[in-house]
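What follows is the residue order along each chain.
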Amino acid sequence: MADVDGLKVAKNYHVNEPFAKNGGFHVKGMQDVDWGMKKRLSKIFQPESGHTVMLAFDHGYFMGSTAGLERLDLVIPPLMPYVDVLMGTRGAMRTCIPAENNKGIALRVSCGSSIVDEDLSHEVIGVSIEDAVRMDASCMAVQTFIGADGEKDSLENLCKTVDAGLKYNIPTMGVVAVGKQMERTSRFFKLATRILPELGAHIVKTYYCEDFEEIVSACPVPIVVAGGKKLPENEALTLCYKAISEGASGMDMGRNIFQSTHPEVMAQAVNMIVHKGATDKEAYEFYLDVSSQSK
Ligand code: 5RP
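The structure displayed is predicted, hence computed values, not measured ones.

What counts as what
Residues numbered from 1 in each chain as written. Predicted model: local features only at pLDDT ≥ 70, side-chain atom pairs only at ≥ 80, totals over all residues. Heavy atoms only, no water. Helix = DSSP H or I, 4+ residues; strand = E, 2+ residues; numbered from the N terminus. Rg over C-alpha atoms; globule rule 2.2 N^0.38 Å. Buried < 20%, exposed > 50% of the residue type's maximum accessible area, 1.4 Å probe, protein only. Contact = heavy atoms within 4.5 Å. Areas by Shrake-Rupley, 256 points an atom, 1.4 Å probe, with all protein chains shown as cover. Lys, Arg positive; Asp, Glu negative; His and termini not counted. Charge placed at Lys NZ, Arg CZ, Asp CG, Glu CD. Phe/Tyr/Trp six-rings, centres within 6.5 Å; stacked < 30°, edge-to-face > 60°. Lys NZ or Arg CZ within 6 Å of the ring centre and 35° of its normal. Core = buried A, V, L, I, M, F, W, Y, C linked by side-chain atoms within 4.5 Å. Near = heavy atom within 4 Å. Polar contact = N/O pair within 3.5 Å; in protein donor to acceptor, adjacent residues only side chain to side chain. Nonpolar A, V, L, I, M, F, W, Y, C, P; charged D, E, K, R; others polar.

Colleague: Any chance you could break down the overall build of the protein chain for me, citing the residues and the numbers?
Modeller: Counting secondary structure elements, the protein chain contains 12 helices and 10 strands. Relative to its length of 295 residues, the protein chain is compact, with a C-alpha radius of gyration of 18 Å against a globular reference of 19 Å. Along the first, second and third principal axes, the C-alpha set of the protein chain runs to 60 × 40 × 40 Å. Counting the 295 residues in the protein chain, one finds 49% classified as buried. A separation of at least 24 residues holds for 64% of the contacts in the protein chain among residues at least 6 apart in sequence. For the protein chain, the exposed surface amounts to about 14300 Å²; the carbon and sulfur share of it is 52%. A gap of 2 Å separates the mean positions of the 30 positive and 38 negative side-chain charges of the protein chain.

Pasting the structure below:
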């Protein structure tokens, strides 16, 4: 272990210099992965924009029935035309999502805590690699708890998932958890978003924060930004616009889509920013315009 006494603060992020090792493949840091892995990554990150819209509806795996997700079978299918990837558990997919869809699947493979327990930071890998293959997973999502009690176990879960996924060319998405007791500073997010790709994660899901461009610069794989708690629609679209403008490769939104008064219109507005270069103002005008007609 390096002697960390007197460690210098990282500061030279070269935020205006493009990622050097791109080799023409549209997913950051993935130039040298195998064909099958590129195929799956291309199902997630659209080759035309290089970006992705993920719809997160995995809340039930630790929260039970969540507002807006009481009936996955009714709520999710109408949103599917506007997103690239469905992020959920194998139970939700198999029971509620029609298999005849061409969306990417971000399969939640870690589990083990529930909101009944105050401390959510202890998880195990709950899905075998064989079942991820059977589910045609485009990537496997593992929660990580940097700076929390479950840090070591969650990083072990991540490493084991990366190893298993490499056998079958299934990428791993490391998810940066934020807990009640955990930091939400840029210092914390810089630490987490660098540890995960160093351990082999192919995609990092994290939260937007200040110094986001530096975070993106120092992370050698694509960053997908979590939506987080429900915000007014204009604020959620501004969050999305800032994240994409500052280098995020996509959004993974849950509550800000399915808890919106007009979920389908909101999903389209997010898609406009992520894939079509719309500003937050343009996307919100679209949201107001279309949702006023559907009242
Ligand atoms: C938890 C997750 C969830 O998928 C995600 O947080 C849910 O989406 P949202 O916060 O946008 O409702 O990864 O860490």
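Colleague: Lay out the packing of aromatic side chains in plain terms, naming residues and giving numbers.
Modeller: The description of two aromatic rings rests on the distance between their centres and on the angle between their planes. A complete count under the given rule lists 5 aromatic pairs for this structure. When the centroid spacing of 6.2 Å and the interplanar angle of 10 degrees are considered together, the rings of Tyr284 and Tyr287 count as stacked. With Tyr284 and Tyr287 both in helix α12 (residues 280-293), this residue pair falls 3 residues apart, about one helical turn. Ring pairs connect the aromatic residues Phe188, Phe189 and Tyr207, which therefore count as one cluster. The positively charged end of Lys38 is found above the aromatic ring belonging to Phe25, 5.1 Å away from the centroid.

Colleague: Any chance you could break down the nonpolar core for me, citing the residues and the numbers?
Modeller: Formed by 90 residues in total, the largest nonpolar core has its most connected members in Phe57, Ile76 and Leu86. With 8 residues, helix α11 (residues 263-276) is the largest single contributor of residues to this core. Ignoring sequence-local partners within four residues, the contact set of Phe57 consists of Leu69, Leu72, Ile76, Leu86, Met87, Gly88, Ala92, Met93 and Ile97.

Colleague: Summarise the site of the ligand; cite the residues concerned and give the values.
Modeller: Taken together, 15 residues are adjacent to the ligand, and Asp58, His59, Gln143, Gly254 and Arg255 come closest. Within the side chain of Gln143, one N or O atom sits 2.6 Å away from an oxygen atom of the ligand. Contacts to the ligand include Arg255, whose side-chain N or O atom sits 2.8 Å from an oxygen atom. Expressed as a share of its isolated accessible area of 360 Å², the protein-covered part of the ligand is 95%. Residues of the shell around the ligand, tallied by class, amount to 5 nonpolar, 5 polar and 5 charged.

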